[in-house]
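What the coordinates show
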Amino acid sequence: KVPVPVPDTYVALRAGVVLRPSDLRPLPWIRRGDSVTVRVNGAGFELRTVAIALADARPGEELRLRNAQTGRALQGRATAPGVVTATVTAFGTAD
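Residues numbered from 1 in each chain as written. Predicted model: local features only at pLDDT ≥ 70, side-chain atom pairs only at ≥ 80, totals over all residues. Heavy atoms only, no water.

This part covers the overall build of the protein. Across its full length, the protein holds zero helices and seven strands. The burial tally for the protein puts 21% of its 95 residues in the buried class. For the protein, the exposed area adds up to about 6,700 Å²; of that, 55% sits on carbon and sulfur atoms. (Helix = DSSP H or I, 4+ residues; strand = E, 2+ residues; numbered from the N terminus. Buried < 20%, exposed > 50% of the residue type's maximum accessible area, 1.4 Å probe, protein only. Areas by Shrake-Rupley, 256 points an atom, 1.4 Å probe, with all protein chains shown as cover.)

Here's what the structure looks like:
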C-alpha cells in the first residue's frame, strides 16, 4: 500500500459533505525544521546554499530561514518542494 497525502482544507468539513476545489489548499512544500536549498538571485548571478526552515510554506508563500553554516536569518519564497528563492537587492540584502 502507498500512502496518499491528504490536502488541507480551508474550512472544517463534516462527514458526507461534498468537497469543492475551493475548499482545498495545497500541502506545504516546506515544513518547519526542513533543510532546504536556497537560491539567491542577483544581477547576473545565482548562489545556492542550505538553510533550515523556521516555518511551514505552501507554494509561493514567504518564510524565514536560518543559514545552516552561518546561523544568519534570511527570508525567501517557496518556489518548489524543498527550494526557497531569495533576491538580492541593490543594497545587498536578501529579500
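Judged by how many residues are buried, strand 7 (residues 83–87) sits mostly within the fold: four of five residues are covered. As paired strands, strand 3 (residues 35–42) and strand 7 are joined by five bridges and run parallel to one another. Of the residues in strand 7, the one forming a bridge with R39 is T85. By the bridge criterion, three bridges tie strand 6 (residues 73–80) to strand 7 in an arrangement that is antiparallel. (Pairing = 2+ DSSP bridges.)

Moving on, we get to the pairing of strand 5 (residues 62–67). The alternating pattern of strand 5 places L63, L65 and N67 on a buried face and E62, R64 and R66 on a face that is not buried. Across three bridges, the pairing between strand 4 (residues 45–53) and strand 5 is antiparallel. For A53, the partnering residue across the bridge sits in strand 5 and is L65. Where strand 5 and strand 6 come together, five bridges link them in antiparallel fashion. The partner of R66 across the bridge, within strand 6, is A73. If you look at the hairpin formed by strand 5 and strand 6, you'll find five residues sitting between the two strands, and G71 has a positive phi there, around 80 degrees.

Take the pattern of salt bridges next. Considering all chains together, one arrives at three salt bridges under this definition. Among the salt bridges present, the one from D56 reaches R31, with a minimum N-O distance of 3.5 Å. Of this pair, D56 sits in the loop between strand 4 and strand 5 while R31 is found in the loop between strand 2 (24–25) and strand 3, placing the two residues 25 residues apart along the sequence. The partly exposed category is assigned to D56, whose relative accessible area is 36%. Two residues, E62 and R77, come together in a salt bridge whose shortest N-O distance is 2.8 Å. (Salt bridge = Lys/Arg side-chain N within 4 Å of Asp/Glu carboxyl O.)

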